[in-house]
Amino acid sequence: MTGIKSVVFVVVLTFLHRPARGDVEVSCDVTESCVLPCSFQNGTNAVIHWILVAAGDPHVHSYYDNKDQLGHQDSRFRNRTSLFRDQISGGNASLQLTGVQIQDQGRYKCYTRTISGNKESFINLKVAGRSSNVGGIAGGVIGAIGAISLVVLVVSVAACIYKRCKNKCATRTGPENRQNGREDIELEETGTGVVASPLLQTSNQSNEGLETERAGDQ
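Cut-off values and rules
Numbers given to residues run from 1 along each chain, matching the order in which its sequence is written. Restriction of local features to residues with pLDDT of at least 70 applies here, the model being predicted, together with a cutoff of 80 or more for giving and counting side-chain atom pairs; totals for whole chains, interfaces and linings are based on all residues. Based on all heavy atoms of the structure, the side-chain values leave hydrogens and waters out of the count. Patch construction takes residues with relative accessible area above 30% that form no salt bridge. Like charges are linked within 9 Å, and nonpolar side chains (Val, Leu, Ile, Met, Phe, Trp, Tyr) are linked within 5 Å. Only the protein chains shown count as cover for residues, and the accessible areas themselves come from Shrake-Rupley with a 1.4 Å probe. Between Lys or Arg on one side and Asp or Glu on the other, a salt bridge is scored when a side-chain nitrogen of the former is within 4 Å of a carboxyl oxygen of the latter. Comment: elements are numbered from the N terminus, with helices defined as DSSP H or I runs of at least four residues and strands as E runs of at least two. Exposed residues in this analysis have more than 50% of their type's maximum accessible area, buried residues have under 20%, and partly exposed residues fall in between, with area computed by a 1.4 Å probe over protein chains only. Two aromatic rings, drawn from Phe, Tyr or Trp (for Trp, its six-membered ring), form a pair once their centres lie within 6.5 Å of each other, and the interplanar angle then sorts them: stacked below 30 degrees, edge-to-face above 60, tilted otherwise. Look at NZ for Lys and CZ for Arg. If either is within 6 Å of the ring centre and within 35 degrees of the ring normal, a charge sits over the ring.

**Looking at a nonpolar patch on the surface**
Okay, step 1: Taken together, the side chains of L150, L153, V154, V157 and I161 make up a nonpolar region of the molecular surface, amounting to roughly 460 Å² of accessible area.
Okay, step 2: Secondary-structure assignment places L153 in helix α2 (residues 131–194).

Printed below as a string of structure tokens:
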């Protein structure tokens, strides 16, 4: 007996989650507005109930006594549903759902009643997520950041290498310059010692003449 109950329960769940023949298929994108179509034979004193076919039958939107009745509306649909009020008298009970969410996906029942009779319609709402687009954008941003980081890293490494090379070159050329400077100073000092001034040369010539005269007198 327990096995039979389990089979029945599974069959019921399968029936609830499987689109029935004649159901209207509607596809919407996340965050967009979506219209769930529903029509009925126009008449006075229209009663409209939109219900999500799920556990607890959450009330989506109700209309009767010529005004919206949202006292039993499920909190997840609050401030996101509306009817085309100016077209209800013509038999239009379509529901507009704004800010569509992934959780909104499912089977909806549109129940209408007038003095002409009542009617039930079912709409299967499929919500297309944009996770792929978001992932693509995120991947592009991450890729751009990675490329920029790589360029900064390359520039930093190049600057570091250039700085090190510059310091090494300065260290190597420093002693050579100092050695060259010393050689220049030594050459200048040596030149000063070898080349006599003109006054000293004249004095030497005069002394040599006097010594020659003295030798001749003797």
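**As for the pattern of salt bridges**
Okay, step 1: By the definition in use, this model includes six salt bridges.
Okay, step 2: A salt bridge links K109 to E120; the shortest N-O distance between them is 3.9 Å. Of this pair, K109 sits in strand β8 (residues 106–114) while E120 sits in strand β9 (residues 117–128); the two residues are 11 residues apart in sequence, bridging distant segments of the chain.
Okay, step 3: By relative accessible area, E120 is classed as partly exposed at 46%.

**Thoughts on the packing of aromatic side chains**
Each aromatic ring pair is summarised here by two numbers: the centre-to-centre distance and the angle between the ring planes.
Okay, step 1: Applying the stated rule across the entire model yields one aromatic pair.
Okay, step 2: Measuring from centroid to centroid gives 6.4 Å for F77 and Y108, while their planes differ by 75°, and the two rings are edge-to-face. Of this pair, F77 sits in the loop between β5 (67–68) and β6 (81–83) while Y108 sits in strand β8, and the two are 31 residues apart along the sequence. Of the two residues, F77 and Y108, neither departs from the other in class, the shared state being buried.
Okay, step 3: Here R107 stacks its cationic end above the ring of F122, 4.1 Å away from the centre of that ring.

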